[in-house]
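Per-entry structural report
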Amino acid sequence: MSTEDPTLVHIGIDFGTSNSVAYVCKKNRYEYVPFQQGAQMPSLVILDNTKFVVGVPPPKFDSVVFKSVKKLLGQSYYDVDLNDDMSTYGCKIVKGPDDMCWYKTEERLYSCDEIAVAIFKKIKEEVDKFTDGKVGRTVVSVPARYSAKQRYHIQKAAEAAGFDVTNLINEPTAASVCVSKERFINGNILVFDLGAGTTDVTILNLQDTIYKVESSCGDDHLGGDDFDNLLLHHIEDRYKEKYNREIWDGMKEVKKNRVMNRLMKMIIHLKHQLSSHSSEDIDMYDIVGGDDEDEDYRINVSRATFERLIRPLTERFSTLIQTALKNSESQLEKADINYVILVGGGCFMPCVARQIRDEFPRAEIIDMGKKMELVAEGCCTCAKKKLKPNFNVIDILSHTIGLLMGDGSVFPLFKVGTRLPTDTLEVILYADQPGIRFFQTEIVELLDEKQDNEAPVYKVLADVISSEFMPDDLKLKEFSMRFRLDISGIFYMEAYALPENVKCVTKSVEGIPV
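Before going into details, it helps to say that this report is about the structure given with it.

**So, the overall build of the protein chain**
In terms of helices and strands, the protein chain carries 12 helices and 28 strands. The C-alpha atoms of the protein chain give a radius of gyration of 24 Å, which matches the 24 Å a tight globule of 514 residues would have. Counting every position in the protein chain, which comprises 514 residues, the buried fraction comes to 54%. Expressed as a percentage of contacts within the protein chain between residues at least 6 apart in sequence, the contacts between residues at least 24 apart total 64%. Seen as two clouds, the 63 positive and the 80 negative side-chain charges of the protein chain have centres 4 Å apart.

Structure, rendered in structure tokens:
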């Protein structure tokens, strides 16, 4: 029998790249937490002298702004594409003391964890106001392609802000939970989630209240930020054609950074307007400090031009969909999909909705008005129904996790598609020579599932170095390595030297609890 406090209000949080949404369930009613601008809070931090201002648009155009932290959180500096760092992230991104991505201002460096915690703290502050501090379980969403390390960092950031995070859930899965709460749908569902940072495609089978994920794939270089950067480069090219000079000519880095933030705000507004207008102007007068009031500094962009610019990106949607179908446990085809759910701000673009309809002419397209709120409300539903015996969400691992071997191959520990959570897996490893007193190994995550004769493409989750242990001078030392994944997809590891069975990795490894 449950002894849960009935006055507690359970929370669902969609921690987004551009905007965050929080939902609560009060007396069986699902409601969004009202922020200053309504249901959505900008996921950015403004530096006001030395203090953080969170969740509001920049009060002045020359403010220092930290943006899109979700794309950087838990990421090694060497694993991130930083070609458009100032337009995407608001600041220059540099390698920090831990080899992770850090934001750089004139005064100092700021870690991504610090920025993420600040955003979660603001969400917690508003949630507490709305619920009178009666906060219970919290479920936070993550992109389906988020690595185990990124999941660890986002959960730690939410917990540092004061949330009791019971688990993480993949964003497309959360969206399907929300939709099925509001209307009866059973069968094969494809969730197409186009956000600011990533595009995720998830296929799941729903039978009543059992959500079984069949496959999940995504592209973390295919999102609203990427569309914004294409528009930025188009505006730069048009300006150069018109005035025979670069927008940024003569600007020092600090000024360029702040003017870039101003221009990106205008570009995002332009993109949104093109969803409902055939063309829109962007006025560059204030951007370039125009000195001739009679000069026309406007640049016109049509919807047709925008759709042409982004076509090389939107064509990749078909590849993602085919990959999701191919990897589905039941080997599904397009004709087997009963419903397609559109999620994320990118699905407001007419060309995106049209392309998905063309991909699935026989499926029912569920295109709800609150595309930006589905994930948070789905998280909240999961938090509320966590203890219900007939409610079950069965999610899967989106990358293979393994040990990097001495010959460069990867020994798989948990393969893509593994159901979460897992049982503990024990692997016995041997030292490469007698007499050693410590060992070192790397836990990696495969980025692509290659064929047997192809070199693996991976990124390192953790570099594991053991403490010293009793050597064996006569034979190869044995180690018991024990691994598991929890329901959130967070990776855990333990290591013991044999035969004494003494724990030999005692310090927490970056991104991996031990």
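**Observations regarding the side chain of Thr-105**
Residue position: Thr-105 is located in the loop between strand E9 (101–104) and strand E10 (109–111). On the accessibility criterion, Thr-105 (9% relative accessible area) is buried. Separated by 3.2 Å, the side chain of Thr-105 and the backbone nitrogen of Glu-107 make a polar contact. Setting aside chain neighbours within four positions, we find Thr-105 in contact with Leu-47, Val-64, Phe-66, Cys-91 and Tyr-110.

**Details of the pattern of salt bridges**
According to the stated counting rule, one finds 30 salt bridges in the structure shown. For Lys-370, the salt bridge identified is with Glu-182, shortest N-O distance 2.4 Å. With Lys-370 in the loop between strand E19 (364–366) and helix H12 (374–384) and Glu-182 in helix H5 (residues 171–182), this pair connects stretches of sequence that are 188 residues apart. When its relative accessible area of 38% is taken as the criterion, Glu-182 is described as partly exposed. With its nearest N and O atoms 2.8 Å apart, the salt bridge here joins Arg-183 to Glu-364. Here Glu-364 lies in strand E19 and Arg-183 lies in the loop between H5 and strand E13 (187–194), a separation of 181 residues in the sequence. When its relative accessible area of 31% is taken as the criterion, Arg-183 is described as partly exposed.

**Examining helix H4 (residues 148–160)**
For H4, built from 13 residues, the straight-helix expectation of 18 Å at 1.5 Å per residue is met to within 8% by its first-to-last C-alpha distance of 18 Å. Burial analysis of H4 places 10 of its 13 residues in the buried class, the great majority of the element. When we look at burial in H4, the residues that qualify are Ala-148, Lys-149, Gln-150, Arg-151, Tyr-152, His-153, Ile-154, Gln-155, Ala-157 and Ala-158. Positive backbone phi, at 110°, marks Gly-162, one or two positions downstream of H4.

**Digging into the packing of helix H6 (residues 224–243) against helix H7 (residues 253–273)**
Between H6 and H7, whose axes approach to 10 Å, the crossing angle comes to 110°. For the element pair H6 / H7, the angle class is roughly perpendicular. Facing Gly-224, Phe-227, Asp-228, Asn-229, Leu-231, Leu-232 and Ile-235 of H6, the residues of H7 in contact are Met-260, Leu-263, Met-264, Ile-267, Ile-268, Leu-270 and Lys-271.

Rules used throughout
Residues numbered from 1 in each chain as written. Predicted model: local features only at pLDDT ≥ 70, side-chain atom pairs only at ≥ 80, totals over all residues. Heavy atoms only, no water. Helix = DSSP H or I, 4+ residues; strand = E, 2+ residues; numbered from the N terminus. Rg over C-alpha atoms; globule rule 2.2 N^0.38 Å. Buried < 20%, exposed > 50% of the residue type's maximum accessible area, 1.4 Å probe, protein only. Contact = heavy atoms within 4.5 Å. Lys, Arg positive; Asp, Glu negative; His and termini not counted. Charge placed at Lys NZ, Arg CZ, Asp CG, Glu CD. Polar contact = N/O pair within 3.5 Å; in protein donor to acceptor, adjacent residues only side chain to side chain. Salt bridge = Lys/Arg side-chain N within 4 Å of Asp/Glu carboxyl O. Expected span 1.5 Å × (residues − 1). Axes fitted to C-alpha atoms, helices over the stretch in contact; angles between N-to-C directions. Parallel < 35°, antiparallel > 145°, perpendicular 65-115°, else oblique.

Keep in mind these values describe shape, not function.
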